[in-house]
Amino acid sequence: MKNIAVGLVGGGFMGKAHSLAYSAVNMFFWPSDFQPVKHSIAEATTELAEHAATRFGFQHSTDDWRELVDNPDIDVIDIATPNNTHAEIAIAALEAGKHVICEKPLALTTDEAKDMVKAADSSGLVNMVAFNYRRTPAVTLAKKYIEEGAIGDVLNFRGTYLQDWSADPNSPLSWRFQKSVAGSGAIGDILTHVLDMARYLVGEVDEVNALTQHIITERPTQASGVDSLGTVKGGTDTPMAPVDVEDEVLSLLKFANGAVGSVEATRNAWGRNNFLTFEIHGTEGSLYFNYENRDELQVCFRSDGDDRRGFRTVYTGPAHPNGHALWPIPALGIGYGETKIIEAHDLFQAIVTGDGVRPDFADGLQVALIDDAIQSSANSGQWTSVARVNRDTGEVE
Ligand code: NAI
Ligand code: SOE
């Protein structure tokens with residue numbers, strides 16, 4: 001069994017989720033060829049780093065991520081920090097010979113994402129972008145249905161990502177509302193997950209026609225660098241500062257294979273929590289998924305017969321993708337943690353076998369290129385073509 005030493009950068013929400021996965025992966029996927037070692041964690045200050053190390057079970061802590069990159073004992077760098085830090089850390093890590101997993105969106109800008117793909121390609125090391133929702137068993141099952149032809153030719157993909165944690169204008173101006181740190185608003189933060197699903201399930205997007213809305217133009221400032229996702233509100237005397245990212249985005253899509261679709265995302269939809277959904281219609285049937293009921297895939301087939309037409313529920317369990325490693329009967333409840341455990345398993349397995357893993361940095365760049373086309377289309381009001389990454393050369397064409 002190969003020990004794989006992890007250097008984790010960032011001990012916030014994703015630091016917690018990834019640490020949980022490193023502790024749990026071999027409890028689920030067994031027998032195993034690897035043993036993750038929680039070697040070191042870097043945080044913004046010495047105190048935050050020490051607390052994170054104790055809390056998440058890392059052996060060492062530092063306030064300088066460069067120490068992790070320079071440490072010959074570390075095999076993989078995990079980037080779980082705000083978006084403006086991803087490119088610098090990832091490129092330094094790859095140049096130092098480390099495998100890298102990086103949270104989404106891949107980078108602050110598409111130019112940074114291109115540099116990350118170049119660094120990944122020249123290194124030949126494992127590189128992964130953490131679009132974990134595609135690893136929800138019901139989503140992998142949807143992919144299986146599509147690949148087996150169960151719904152025929154895909155005609156239409158309708159995707160949403162609706163949340164409400166920022167609908168209150170008193171939710172503070174965390175890093176997610178600052179273009180210089182986040183890159184964009186709902187587009188980079190959550191639409192990217194829907195676009196990853198769309199590419200995974202249907203294929204490449206050729207053209208988009210989008211609009212964006214910027215509704216809440218200022219928010220109360222906050223002292224901490226951590227995003228409390230609206231759970232801590234500004235007070236009446238908290239100074240206000242401008243929000244320079246979009247709140248909402250809607251886009252029509254034309255896929256390369258002839259399918260069409262639509263996607264929308266907002267963090268201001270009262271009553272919606274993690275309403276990440278897709279409905280896919282094909283010539284022979286339909287599939288529907290809602291992450292808020294993530295054990296379930298709704299399916300309907302043309303062959304069902306006129307007198308029993310309608311969606312029925314398949315509960316994912318041991319018979320489904322990765323199900324053997326999870327819980328012994330369906331509907332016990334698959335959580336966010338399990339998607340990260342499956343992601344960690346696939347990352348470490350790729351390191352052991354030397355095979356690639358998807359989604360990789362080129363996939364992260366392709367999503368960034370769709371984001372760019374959506375931004376341009378929203379500005380021009382025109383249908384806009386999406387540039388394509390050539391996966392053989394890493395160049396954008
Ligand atoms: P967060 O605000 O909860 O935590 C970020 C942490 O990074 C903070 O503890 C902060 O002190 C630390 N940090 C900032 N600069 C640092 C530096 N230079 N060195 C070391 N630590 C530093 O943010 P969260 O929610 O964990 O997001 C992190 C990343 O994960 C973002 O890119 C975000 O888009 C992504 N994300 C992905 C999710 C998914 O479902 N795949 C879910 C939530 C976030
Ligand atoms: C906030 O919108 C957020 O934490 C996103 O950053 C994540 O990517 C999403 O998975 C959950 O919501």
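Preceding this section is the structure that the text describes.
A quick note: this is a predicted structure, and the numbers were derived from the prediction, not measured.

Caption draft 1: Structural view of the pattern of salt bridges. Applying the stated criterion to the full structure yields 26 salt bridges. Notably, a salt bridge pairs R199 with D363, separated by 3.1 Å at the nearest N-O pair. Remark: D363 occurs in helix α10 (residues 361-380) and R199 occurs in helix α8 (residues 186-201); sequence separation between them is 164 residues. The same class applies to R199 as to D363, namely buried. The salt bridge involving D360 is made with R391; its shortest N-O contact spans 2.6 Å. Of this pair, D360 sits in the loop between α9 (336-353) and α10 while R391 sits in the segment after β17 (384-385), placing them 31 residues apart in sequence. Given the relative accessible area of 40%, R391 is considered partly exposed. Linked by salt bridges that have partners in common, R199, E204, R358, D360, D363 and R391 make up one network.

Caption draft 2: Looking closely at the side chain of N156. Assignment of secondary structure puts N156 in strand β7 (residues 154-162). With a relative accessible area of 17%, N156 lands in the buried category. Beyond its immediate stretch of four places on either side in the chain, N156 contacts V260, G261, E279, I280 and H281.

Caption draft 3: Broad picture of helix α4 (residues 86-95). By the burial criterion, the buried members of α4 are H86, A87, I89, A90, A93 and L94. Lining the buried residues of α4 we find β1 (2-9), α3 (65-70), β4 (76-79), β5 (99-102), α5 (110-123) and α10. Of the residues trailing α4, G97 is marked for its positive phi of about 85°.

Quick notes on the rules
Residues numbered from 1 in each chain as written. Chains lettered and ligands numbered in written order. Predicted model: local features only at pLDDT ≥ 70, side-chain atom pairs only at ≥ 80, totals over all residues. Heavy atoms only, no water. Salt bridge = Lys/Arg side-chain N within 4 Å of Asp/Glu carboxyl O. Helix = DSSP H or I, 4+ residues; strand = E, 2+ residues; numbered from the N terminus. Buried < 20%, exposed > 50% of the residue type's maximum accessible area, 1.4 Å probe, protein only. Contact = heavy atoms within 4.5 Å.

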